[in-house]
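Each chain, written out:
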Amino acid sequence: MTTMSYAVRDSVTMLRRDLRHAQRYPLMTVMTIVMPLLMMLLFAFVFGNAMSPVARTGNYLDYLTPGIIVMAIGSASGSAVAIKVCTDMQEGIIARFRTMSISRGSVLSGQVLGSLIRTLISVTLIILLAVLMGFRPTAGVGEWLAVLGLLSLVIIAFTWLAVAIGLATKTVGGANTAAFPLQFLPFLSSAFIPTSAMSDGVALVAQHQPFTPIIDTLRGLLTGTPIGTSWIFALGWCLLLTGIGYFFALRRYNSDTSQ
């Protein structure tokens, strides 16, 4: 077998381990789905009538759902992965893997692939439940494929960041805290109201952080609202965050290996 074949085989093995680990400890996976759904219920049924005029939409759930989807990704691919990687580091599992004859990169890529599969399943459930609540997407086949591609890029970007955070932090609490921006920044984005309806200072933050162009692009693909140049910034942020996370994750992993 070639080096690439061994790397793929080892990555699949690590992916299988990650999925089995998720089955044995389902509470974290469930919570990453439940919390965004609670936020959706809160904003749709409690604040919906007040938010609809601000969001300039007749069906506020159509405006809200793309933001909730991205929030779910930030929670599932961010804090959950950071905690898992940090736990593996503290329990010495990753150190044990380093002594085995397996591809180094597979330990990390297995986490990314597992996160991608789990989070896509979670997003699918959220979309189905949103449809039952009244969400009415207008996307055709091409738009849905673009949605799948964008969501995959976002999940991979956030997961690599989370892997880097999990490797760098010393405690599970520290990992959760360091990954907190991935859960908090959606509140300072266009997830709930347009940036034009925000105060100048908050709007400035919302317009220059990664969640807003990602949400605006996803909303345009799903509901037909104007996307403009948001898709360019969305792809740019995804590539930049993936590169940053990948670089620091491998750097940390290799530096620990050499110690």
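Refer to the structure printed above.
Trainee: Looking at this model, I keep getting lost on the side chain of Asp62. Mind explaining?
Mentor: With respect to the secondary-structure elements, Asp62 resides in helix α4 (residues 60-91). We note that Asp62 is buried and unpaired, the nearest opposite charge coming from Arg136 at a distance of 6.8 Å. For Asp62, the side chain forms a polar contact with the main-chain nitrogen of Arg136, separated by 2.9 Å. Setting aside its immediate chain neighbours within four residues, Asp62 contacts Gly134, Phe135, Arg136 and Thr223.

Trainee: For this particular structure, what's the right way to read the environment of Leu37?
Mentor: Position of Leu37 relative to the elements: it lies in helix α2 (residues 26-46). Sequence spacing of Leu37 and Ile126 is 89 residues, and the spatial spacing of their C-alpha atoms is 7.1 Å. Other than its neighbours up to four places away in sequence, Leu37 contacts Ile126 and Leu129.

Trainee: Even after reading the chapter, I still don't get helix α11 (residues 211-223), so can you show me in this structure?
Mentor: Residues separated by three or four positions in an α-helix point in the same direction, a consequence of the helix having 3.6 residues per turn. Compared with an ideal rise of 1.5 Å per residue, which puts 13 residues at 18 Å, α11 spans 18 Å between its outermost C-alpha atoms and is within 8% of the ideal. Extensive coverage of α11 is indicated by the burial of 12 of its 13 residues. Turning to α11, its buried residues are Phe211, Thr212, Pro213, Ile214, Ile215, Thr217, Leu218, Arg219, Gly220, Leu221, Leu222 and Thr223. Gly224 sits one or two positions beyond α11 and adopts a positive phi of about 80 degrees.

Trainee: Can you help me understand α4 in this one?
Mentor: Across its 32 residues, α4 extends 45 Å between first and last C-alpha, which sits within 8% of the 46 Å expected from 1.5 Å per residue. The buried count for α4 comes to 28 of 32 residues, which makes it a mostly enclosed element. Gly92 lies just past α4 and shows a positive phi near 80 degrees.

Trainee: Would you explain the packing of α4 against helix α7 (residues 141-168) in this entry?
Mentor: If you want to describe how two helices pack, look at the angle between their axes and the distance between the axes. It is at 7 Å that the axes of α4 and α7 come closest, and there the two elements cross at 30 degrees. It follows that α4 is roughly parallel to α7 by the angle criterion. Between α4 and α7 lies a crossing whose hand is right-handed. Along the contact surface, α4 presents Ile69, Ile73, Gly74, Ser77, Gly78, Val81, Ala82, Val85, Cys86 and Met89, while α7 presents Leu151, Val154, Ile155, Phe158, Thr159, Ala162, Val163, Ile165, Gly166 and Leu167.

Quick notes on the rules
- Residues numbered from 1 in each chain as written.
- Predicted model: local features only at pLDDT ≥ 70, side-chain atom pairs only at ≥ 80, totals over all residues.
- Heavy atoms only, no water.
- Helix = DSSP H or I, 4+ residues; strand = E, 2+ residues; numbered from the N terminus.
- Buried < 20%, exposed > 50% of the residue type's maximum accessible area, 1.4 Å probe, protein only.
- Lys, Arg positive; Asp, Glu negative; His and termini not counted.
- Salt bridge = Lys/Arg side-chain N within 4 Å of Asp/Glu carboxyl O.
- Polar contact = N/O pair within 3.5 Å; in protein donor to acceptor, adjacent residues only side chain to side chain.
- Contact = heavy atoms within 4.5 Å.
- Expected span 1.5 Å × (residues − 1).
- Axes fitted to C-alpha atoms, helices over the stretch in contact; angles between N-to-C directions.
- Parallel < 35°, antiparallel > 145°, perpendicular 65-115°, else oblique.
- Left-handed = near helix turned anticlockwise from the far one by under 90°.

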